[in-house]
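Architecture and fold: a report
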Amino acid sequence: MGKILYLSEVRDFIAGLLTNIVDDEHVYSGIMEDKQEMSIGVYNQKRGTPKLTAVGANPSYSRKAVSVLVHWNKSPKQTERAAAAVYAAIERAGRTKAGANNILFVKMTTEEAVDVGTDDNGVFEMVIEFDIYYERQDTK
């Protein structure tokens, strides 16, 4: 059985990538408390991803499907630019760590951040979806 990559570890991984874009305390996992402007939410993707299977053996890696919400401000232009910077930072992530897990690579599943409109307060939001491939750590 491989080690699970927890959402809280993904949140810390993402926050580490975005130090020049957003303050650590404005990166959330699972829920965005108070929905402050210029915040990032990290979520498990709602779409199902097929289970990874290898013929004849267990794969040496696992995958976690992640969705990042860029909840920025009331300017669509500034929100789009912030989302593009977040997308680029995630896309550039190479081999690194998230918690105790070795990240092998990040595969973006959309060409760019997707505009999802505004929240009830008129704050523009964009979503970035990607898969994190990480090394399995067997715990025998």
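The paragraphs below set out a description of the structure included in this document. Source: prediction; values computed, not measured. (Residues numbered from 1 in each chain as written. Predicted model: local features only at pLDDT ≥ 70, side-chain atom pairs only at ≥ 80, totals over all residues. Heavy atoms only, no water.)

**Quick word on the overall build of the chain**
Condition: Put simply, DSSP marks the helices as runs of H or I at least four residues long and the strands as runs of E at least two long, and each gets a number from the N terminus on. Residue exposure (1.4 Å probe, protein chains only): buried if accessible area is under 20% of the type maximum, exposed if over 50%, otherwise partly exposed. Any pair of residues with heavy atoms lying within 4.5 Å of one another is described as a contacting pair. Reported accessibility uses the Shrake-Rupley method at a 1.4 Å probe radius. Residues are deemed covered only where the shown protein chains occlude them.
Check the secondary structure of the chain and you find two helices and seven strands. N-terminal to C-terminal, the α/β element order of the chain is α-β-β-β-α-β-β-β-β. Per-residue burial over the chain gives 41% buried out of 140 residues. The contacts in the chain between residues at least 6 apart in sequence include a share of 66% that link residues at least 24 apart. Working note: accessible area of the chain is about 8,100 Å², and carbon and sulfur atoms make up 48% of it.

**Regarding the environment of Lys107**
Position of Lys107 among the secondary structure elements: in strand E5 (residues 101-108). Here the alpha-carbon distance between Lys107 and Glu91, two residues 16 residues apart in the chain, equals 7.4 Å. Look past the residues within four positions of Lys107 in its chain and what remains in contact with it is Phe130, Asp131 and Tyr133.

**What to know about the environment of Leu7**
If you trace the backbone, Leu7 turns up in helix H1 (residues 7-17). By relative accessible area, which is 15% here, Leu7 ends up buried. Put simply, Leu7 and Val66 are 59 residues apart on the chain and 8.5 Å apart in space, counted from C-alpha to C-alpha. The contact partners of Leu7, leaving out residues within four places of it in the chain, are Ser29, Gly30, Val42, Tyr43, Asn44 and Lys64.

**A word on the packing of aromatic side chains**
Stated formally: Aromatic rings from Phe, Tyr and Trp, taking only the six-membered ring of Trp, are treated as a pair when their centres fall within 6.5 Å; an angle between ring planes under 30 degrees marks them as stacked, one over 60 as edge-to-face, and anything in between as tilted.
As enumerated under the stated definition, the model contains two aromatic pairs in all. Note on Tyr61 and Tyr133: the rings are 5.9 Å apart at their centroids and 50° apart in plane angle, and the pair reads as tilted. Here Tyr61 is found in strand E3 (residues 61-71), whereas its partner Tyr133 is found in strand E7 (residues 124-135), with 72 residues between them in sequence. According to the relative accessible area criterion, Tyr133 is buried, its value standing at 11%. Taking 4.6 Å as the distance between ring centres and 15° as the angle between the ring planes, the aromatic pair formed by Phe105 and Tyr133 counts as stacked. Of this pair, Phe105 sits in strand E5 while Tyr133 sits in strand E7; the two residues are 28 residues apart in sequence, bridging distant segments of the chain.

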